[in-house]
Structures are given as C-alpha cells and as structure tokens.
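Read off the chains here:
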Amino acid sequence: MVRRPRSTRLPLAVEAEVIRTGRLTLLPLLVEHAEELAAALSDPDLHTFIGGAPATPEALRTRHERLVAGSPDPAVTWCNWVIQLRDQDCLVGTVQATVTTVGNGKAAEIAWVVGTHWQRRGIATEAARGLVAWLRRQQVRTLVAHIHPDHAASAAVAAAAGLTPTSQEQEGEIRWELREEGG
C-alpha cells in the first residue's frame, strides 16, 4: 500500500481541478504558464482598476511558484486557474478562489482577469460562471468578489455569475456576494 503524506489542509479544503465550459478550459495554474500568461496580460490599461503594472515573465513565474506552493495557512486554500480559449489554444487570463472555512462551511473570495485583446467576448463571464458552478459543487456556501465602483465590465461579470453588490466597501472596492440560502 502506498501512503500519501498527511495533508496539513483541513478536511473542508478543495483542490483546483480542470473546469470545462462551452469555449473555455480552466486549467489549474502551473509555473510553466508564466511566460504565455505574461504576454496575455501585458497591456498596462488592464491594470487601471486592479492596480499594479504588467508582470514580466520572470516576476510572474516567481508569483506562480508561491501560488502553486499553496497557502501557508491550513485553513485557507488557494485555487488558481488559467483561462484557455480552446479554439485558439491560447491562455487569455486567470480566475482564482481563496477558499476558507467558516463555521461548518466554506466561503471563497473570487477574482478574474482577461487580457484586453480578448475582452468584450464574454470570456470573463463564462469563466466566472464556470468557477462559481464548480465552487458550488464543492459546497462553498458564500462567494465574494471585490470590484472597483467604476469598473462596469467587472460588475457585469459578477452580476452574470449571480453575485449582487452590498453596501460594504473594502479598500475602495464594493463587496459583491452570493450566499447559499440559510448559509
């Protein structure tokens, strides 16, 4: 019998797996995705609402190494995917979920980004819907996204994925939520 090392993750933890939607494949993030993803996300205008600047392939590789290693907190699971547009066989963005245990359930903070070249094609909406559906199958009860109040496109993605804005703000962004009834 082969024994796996005992995980430090709580029993409620989830692990990213391949998610397929109509046009997209959400692939669990690998360090090797850094170079192609850096090119896809290289437009400085992409960072208007999310802050920062485009990452070099080397900087993105370092970031991916940290993300792939996982959260140092056993109560937190980092799930990260690259968005692959299947008909063009290219990476166009990312989706992510930071899953935490809350009481007897799970909650996730989600985010998405799609390179400017591929925007206005419904890719972010399709990816976010696929992510939300997958998280629901993992029994995640509460989903949260933080969106800049002037970022209408991201607000539209959140609404299409079932989230609604709240009156709460964090660091200048509006908190959007989707809660399981009774959750």
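The structure this text deals with has already been given above.
Presented here is a report on the structure given in the accompanying data block. (Residues numbered from 1 in each chain as written. Predicted model: local features only at pLDDT ≥ 70, side-chain atom pairs only at ≥ 80, totals over all residues. Heavy atoms only, no water.)

1. A word on the nonpolar core
Formed by 38 residues in total, the largest nonpolar core has its most connected members in Trp81, Ile83, Ala97, Ile110, Trp112, Leu135 and Leu163. Put simply, the parts of the chain that give this core at least two residues each are β2 (24-28), β3 (76-85), β4 (90-102), β5 (105-114), α3 (123-137), β6 (140-147), α4 (152-160) and β8 (173-179). Ranked by residue count, the leading element in this core is α3, at eight residues. Not counting residues up to four positions away in its chain, the partners in contact with Leu135 are Ala97, Val99, Ala108, Ile110, Val140 and Leu143. Ala34, Leu37, Leu41 and Leu60 belong to the second-largest nonpolar core, a separate cluster that totals 11 residues. (Core = buried A, V, L, I, M, F, W, Y, C linked by side-chain atoms within 4.5 Å. Buried < 20%, exposed > 50% of the residue type's maximum accessible area, 1.4 Å probe, protein only. Helix = DSSP H or I, 4+ residues; strand = E, 2+ residues; numbered from the N terminus. Contact = heavy atoms within 4.5 Å.)

2. Side note on the layout of surface pockets
Looking at the second largest pocket, its volume works out to about 240 Å³. Forming the walls of the second largest pocket are 14 residues, and the residues nearest its centre are Glu15, Ala16, Leu67, Val68 and Trp78. Listed by contribution, the elements that provide at least two residues to the lining of the second largest pocket are α2 (57-69) and β3. Considering each element in turn, the lining of the second largest pocket owes the most residues, four residues, to β3. (1 Å grid on protein atoms, 1.4 Å probe; cavity = no way out; pocket = protein on both sides within 12 Å on 5 of 7 lines; lining within 4 Å. Points joined across faces, edges and corners; volume = space filled by probe spheres on them.)

3. Looking at empty space enclosed by the protein
Under the defined criterion, the tally for this structure stands at one cavity of 30 Å³ or more. Here the largest cavity is characterised by a volume of approximately 40 Å³. Around the largest cavity, the lining comprises 10 residues; the ones closest to its centre are Ala13, Ala75, Thr77, Val99 and Thr101. Those elements that provide at least two residues to the lining of the largest cavity are β3 and β4. Sorting elements by how many residues they give to the lining of the largest cavity places β4 first, with three residues. A breakdown of the residues in the lining of the largest cavity according to their chemical character gives six nonpolar, three polar and one charged. (Nonpolar A, V, L, I, M, F, W, Y, C, P; charged D, E, K, R; others polar.)

4. Topic: α2
Here α2 contains 13 residues, and its C-alpha end-to-end distance of 18 Å stays within 8% of the 18 Å for a straight helix at 1.5 Å per residue. If you check which residues of α2 are buried, you get Leu60, His64 and Leu67. All buried residues of α2 lie within an arc of 65° about the axis, which places them on one face of the element. Every exposed residue of α2 that faces more than 90 degrees away from the buried side is listed here: Glu58, Arg66 and Ala69. Those residues of α2 hidden inside the fold are in contact with α1 (34-40) and β3. Two residues or fewer past α2, Gly70 is found with a positive phi of approximately 95°. (Expected span 1.5 Å × (residues − 1). Arc of directions from axis to C-beta.)

5. Section: the environment of Ala152
Relative to the elements of secondary structure, Ala152 occurs in helix α4. Taking relative accessible area as the criterion, Ala152 reaches 59% and is therefore assigned exposed. In this structure, the C-alpha to C-alpha distance between Ala152 and Cys79, residues 73 residues apart in sequence, is 25 Å.

6. Observations concerning α4
Turning to α4, its buried residues are Ser154, Ala155, Val157 and Ala158. Along the axis of α4, the buried residues cluster in a sector spanning 155°; they form a single face. Seen from the open side of α4, the exposed residues pointing more than 90 degrees away from its buried face are Ala152 and Ala153. Packed against the buried residues of α4 are β5, α3, β6 and β8. In the segment just after α4, Gly162 is the residue with positive phi, at about 100°.

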